[in-house]
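Fold and geometry: a report
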Amino acid sequence: MIDAADHADTGNLGFLLAKASQRWNELLAHRFMERGFADVRPSYGSVLLPLFEEDGLRMGQIAARARLSKQTMTTLVRLCERDGLVLRERDSFDARAFRIYLTARARAFWPVADEVLRELDAKVLAAIGERRRNALARALRGVMEL
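Residues numbered from 1 in each chain as written. Predicted model: local features only at pLDDT ≥ 70, side-chain atom pairs only at ≥ 80, totals over all residues. Heavy atoms only, no water.

1. A word on the side chain of Thr103
What counts here: Secondary structure elements follow DSSP: runs of H or I of four or more residues count as helices, runs of E of two or more count as strands, with numbering from the N terminus. Whether two residues are in contact is decided by their heavy atoms, any of which lying within 4.5 Å being enough.
Its location among the elements puts Thr103 in the loop between β3 (98-102) and α5 (104-144). The residues touching Thr103, leaving out its near neighbours within four places in the chain, are Gly84, Leu85, Val86 and Leu87.

2. With respect to the packing of aromatic side chains
Note the following rule: Paired rings are identified among Phe, Tyr and Trp, the last through its six-membered ring, by centres lying within 6.5 Å, and are further divided according to the angle between planes into stacked (under 30 degrees), edge-to-face (over 60) and tilted (the rest). Buried means the residue's accessible area, taken with a 1.4 Å probe over protein chains only, is under 20% of the maximum for its type, while exposed means over 50%, and partly exposed covers the values in between. For a lysine, the NZ atom is tested; for an arginine, the CZ atom; a charge sits over a ring if that atom is within 6 Å of the ring centre and within 35 degrees of the ring normal.
Under the criterion given, the structure shown has three aromatic pairs. Aromatic pair Phe32 and Phe109: ring centres 4.9 Å apart, planes at 85°, arrangement edge-to-face. Of this pair, Phe32 sits in helix α1 (residues 13-34) while Phe109 sits in helix α5, placing them 77 residues apart in sequence. Here Phe32 matches Phe109 in class, with each residue buried. Looking at Arg88, its charged tip hangs above the ring of Phe98, at a distance of 5.4 Å from the centre.

3. Section: a nonpolar patch on the surface
Let me state the cut-off plainly: A patch consists of residues exposed above 30% relative accessible area that lack any salt bridge, with like charges linked at up to 9 Å and nonpolar side chains (Val, Leu, Ile, Met, Phe, Trp, Tyr) linked at up to 5 Å. To be clear on the numbers: accessible area is Shrake-Rupley with a 1.4 Å probe, and residue cover counts the displayed protein chains and nothing else. Salt bridge, as used here, is a side-chain nitrogen of Lys or Arg placed within 4 Å of a carboxyl oxygen of Asp or Glu.
On the surface, Leu13, Leu17, Leu136, Leu140, Val143 and Leu146 cluster together into a nonpolar patch covering about 570 Å² of accessible area. It is α5 that provides the largest number of residues to the nonpolar patch, a total of three residues. Here Leu146 shows up in the segment after α5.

4. Here's the deal with the pairing of β3
What counts, and what does not: Strand pairing follows a simple DSSP-based rule, namely that at least 2 bridges must link the two strands.
Of the strand pairs in this sheet, strand β1 (residues 57-58) and β3 are connected by two bridges, and their pairing is antiparallel. Within the sheet, the bridge partner assigned to Arg58 lies in β3 and is Arg99. For strand β2 (residues 86-90) and β3, the ladder comprises five bridges, and the chain directions are antiparallel. If you follow Glu89 over to β3, its bridge partner there is Arg99.

5. Thoughts on the sheet that holds β3
The test is simple: Between N-to-C directions, angles span 0 to 180 degrees; the directions come from axes that are lines fitted to C-alpha atoms, helices contributing only their stretch in contact.
Reading across the sheet, the three strands line up as β1-β3-β2 and stay open at both edges, with antiparallel pairing between neighbours. The two strands at the open ends of the sheet, each matched to only one other strand, are β1 and β2. Contacts from helix α4 (residues 70-82) reach β2 and β3 within the one sheet, and its direction differs from that of β2 by about 115°.

6. Some points on helix α2 (residues 45-53)
Inspection of α2 places Val47, Leu48, Pro50, Leu51 and Phe52 among the buried residues, and these make up the whole buried set. Residues of α2 that are buried sit in contact with β1, α3 (59-66), α4, β2, β3 and α5.

7. With respect to the nonpolar core
Defined as follows: Nonpolar core, defined: a set of buried Ala, Val, Leu, Ile, Met, Phe, Trp, Tyr and Cys residues in which side-chain atoms within 4.5 Å join the residues together.
In this structure, Leu48, Val86 and Phe109 are the most contacted members of the largest nonpolar core, which totals 29 residues. At six residues, the largest contribution of residues to this core is made by α5.

8. Side note on the pattern of salt bridges
Evaluation of the coordinates by the stated rule reveals 16 salt bridges. Of the charged contacts, one joins Asp114 and Arg118 as a salt bridge, the two residues approaching to 2.9 Å between their closest N and O atoms. One end of the pair, Asp114, and the other, Arg118, are both in helix α5, four residues apart, so they sit about a helical turn from each other. Each of Arg31, Glu34, Arg35, Glu115 and Glu119 takes part in salt bridges that share partners, so that together they form one network.

9. Here we look at the environment of Arg99
Our working rule: We call two N or O atoms a polar contact when they sit within 3.5 Å, provided that within protein one can donate a hydrogen and the other can accept it, with sequence-adjacent residues counted only if both atoms are side-chain atoms.
In this structure, Arg99 sits in strand β3. The exposure class of Arg99 is partly exposed, given its relative accessible area of 21%. When the C-alpha positions of Arg99 and Ala63 are compared, they lie 12 Å apart, and in sequence the two are 36 residues distant. Excluding anything up to four places from it in sequence, Arg99 contacts Gly56, Leu57, Arg58, Gln61, Leu87, Arg88, Glu89 and Asp91. Separated by 2.9 Å, the side chain of Arg99 and the backbone oxygen of Gly56 make a polar contact. Separated by 3.1 Å, the side chains of Arg99 and Asp91 make a polar contact.

Printed below as a string of structure tokens:
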């Protein structure tokens, strides 16, 4: 017997992952807006979260940590730079490379992002419980490794 999730329909795992991600990003955007950061797109997390962990990374390092191509990361960094969240500076050890640094605005956003992510994680925990939340996190890490 074939599970309904194996078919190309709205029960398909890929569709469910995409829609869950879309909903998560909608919730992020709404909460960022409520806290005065309406222009911070959820996609900027691919740039900002690695920099929150270690500021001053090279473009390729951020791309690797975010699991994105350098080309995609270049576009995201330009958008973050346009919106006043990061600065690009020449690498003092390699003039061909740039290092990306958080601005004061991004540093002001950091606790907001942390609060919002904790709030959404708590909503997931309340909805599915700790055991299933932990299993979900492990499963998503596994999917990322495919």
